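Each chain, written out:
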Amino acid sequence: MEYSRLKNGKTLIIRKAQKEESSKFLDYINKVCAESENLTFGQGEFGITEEKEVEFIASLAKADNGLMIFALIGDELVGQLVFNGGHRPRIRHTGEFSITVLKEYWGFGIGTELIKYMINWAKETRLIRKINLRVRSDNQIALNLYKRLNFKFEGTITREFFINGNFYDSIHMGMEIDD
Ligand SMILES: CC(C)(COP(=O)(O)OP(=O)(O)OC[C@H]1O[C@@H](n2cnc3c(N)ncnc32)[C@H](O)[C@@H]1OP(=O)(O)O)[C@@H](O)C(=O)NCCC(=O)NCCS
């Protein structure tokens, strides 16, 4: 568990998610998907039942190459990050993460804290050697954040998103973990 003081003076807690919190997480996701067009799902499209979410959180908690963390202010879930490592031996050292923060809390440094927690965790595992991410090519806030934290541009995949009749490209970025 990590505590930090946000730009708005409030105390942020970052810690691992617990399977008992799956319904709290699904409530959170229902809010977040209505606030952003930058996710792989829109409103009502997350498509995971509470039962499946319990299994997912439990499986990440057991995995040595997976991580699901929550950002909390008091009891309120205000952000989350999931890193999913590869399952087969040749790709277990690598994985991709996704991140969201509630819109009313954007710009306070919560995204930064979640990513720094993941990078420290990845180093401590001594197993993870590469962190990948994908981001919609016009998601400038997220792109700036990843660049500032030293993720490197790796390529563009065209037409990765199809939203309201339009295609959008995605940028692939990554960070090699060597120490
Ligand atoms: C991307 C996201 C996780 C960033 O979270 P965050 O808590 O706002 O991140 P931080 O505050 O640590 O840093 C974000 C930076 O963007 C800036 N920013 C945040 N909201 C902004 C806004 N609406 N307009 C302009 N700049 C903004 C912040 O000031 C900060 O800039 P800085 O580096 O100069 O301080 C959040 O915007 C989000 O959840 N977006 C919707 C989902 C999404 O896009 N996820 C990523 C998919 S790849």
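Procedures and definitions
- Residues numbered from 1 in each chain as written.
- Predicted model: local features only at pLDDT ≥ 70, side-chain atom pairs only at ≥ 80, totals over all residues.
- Heavy atoms only, no water.
- Near = heavy atom within 4 Å.
- Polar contact = N/O pair within 3.5 Å; in protein donor to acceptor, adjacent residues only side chain to side chain.
- Areas by Shrake-Rupley, 256 points an atom, 1.4 Å probe, with all protein chains shown as cover.
- Helix = DSSP H or I, 4+ residues; strand = E, 2+ residues; numbered from the N terminus.
- Nonpolar A, V, L, I, M, F, W, Y, C, P; charged D, E, K, R; others polar.
- Pairing = 2+ DSSP bridges.
- Axes fitted to C-alpha atoms, helices over the stretch in contact; angles between N-to-C directions.
- Contact = heavy atoms within 4.5 Å.
- Parallel < 35°, antiparallel > 145°, perpendicular 65-115°, else oblique.
- Left-handed = near helix turned anticlockwise from the far one by under 90°.
- Buried < 20%, exposed > 50% of the residue type's maximum accessible area, 1.4 Å probe, protein only.
- Arc of directions from axis to C-beta.
- Salt bridge = Lys/Arg side-chain N within 4 Å of Asp/Glu carboxyl O.

Engineer: Honestly, the site of the ligand in this entry has me stumped. Any pointers?
Structural biologist: Near the ligand lie 22 residues; those nearest to it are Val101, Gly107, Thr112, Asn139 and Arg148. Thr112 has a polar side-chain atom sitting 2.5 Å from an oxygen atom of the ligand. When the ligand sits alone it has 930 Å² of accessible area, and the protein chains cover 73% of it. Taken together, the elements giving at least two residues each to the shell around the ligand come down to strand 5 (94-101), helix 3 (110-125), strand 6 (130-136) and helix 4 (140-148). Top contributing element to the shell around the ligand by residue count: helix 4, with five residues. The residue makeup of the shell around the ligand, split by class, is eleven nonpolar, eight polar and three charged.

Engineer: Sorry, what's going on with the sheet that holds strand 2 (residues 11-16) here?
Structural biologist: Adjacent strands of a sheet form backbone hydrogen bonds with each other and so pair up, either parallel or antiparallel. Taking strand neighbours across the sheet as the criterion, the eight strands line up as 1-2-3-4-5-6-8-7 in an open arrangement whose pairing is mixed. With one partner strand each, in any of the chains shown, strand 1 (2-5) and strand 7 (152-163) form the two edges of the open sheet. When strand polarity is set aside, the average angle formed by the axes of neighbouring strands in this sheet is 25°. Pairing analysis gives seven bridges linking strand 6 to strand 8 (residues 166-176), with the strands arranged antiparallel. Its bridge partner being in strand 8, Asn132 is matched across the sheet by Gly174. Contacting strand 3 (66-73), strand 4 (76-85) and strand 5, helix 1 (residues 22-32) crosses the sheet at an angle of about 95° to strand 4.

Engineer: Can you walk me through unusual backbone geometry in this structure?
Structural biologist: A negative phi holds for most residues other than glycine; trans holds for most peptide bonds. One non-glycine residue, Arg159, lies in the positive phi region at around 55°. Within the secondary structure, Arg159 is located in strand 7. Phi at Asn164 takes a positive value of approximately 50°, unusual for a residue other than glycine. As for its placement among the helices and strands, Asn164 is situated in the loop between strand 7 and strand 8.

Engineer: What is the right way to read the packing of helix 3 against helix 4 from this model?
Structural biologist: For any two helices packed against each other, the geometry is given by the interaxial angle and the distance between the axes. Between helix 3 and helix 4, whose axes approach to 11 Å, the crossing angle comes to 45°. The pairing of helix 3 with helix 4 is recorded here as oblique in orientation. Considering only the axes of helix 3 and helix 4, their crossing is right-handed. The residues of helix 4 that touch helix 3, namely those facing Gly111, Thr112 and Ile115, are Leu145, Tyr146 and Arg148. Considering only residue class, the contact of helix 3 with helix 4 consists of three nonpolar, two polar and one charged.

Engineer: How should I be thinking about helix 1 in this particular structure?
Structural biologist: Note: α-helices contain 3.6 residues per turn, so residues at a spacing of three or four share the same orientation. What helix 1 keeps buried is the set Ser22, Phe25, Leu26, Tyr28, Ile29 and Val32. All buried residues of helix 1 fall inside an arc of 160° around its axis, so they share one side.

Engineer: Could you clarify how one ought to interpret the pattern of salt bridges in this entry?
Structural biologist: Side chains that differ in sign of charge can pair as their charged atoms come close. Scanning all chains against the criterion turns up nine salt bridges. Across the pair Arg15 and Glu21 runs a salt bridge, and its minimum N-O distance is 2.6 Å. By relative accessible area, which is 16% here, Arg15 ends up buried. A salt bridge links Glu96 to Arg134; the shortest N-O distance between them is 3.0 Å. In this pair, Glu96 is assigned in strand 5 and Arg134 in strand 6, connecting sequence segments 38 residues apart. Glu96 sits in the partly exposed class, given a relative accessible area of 30%.

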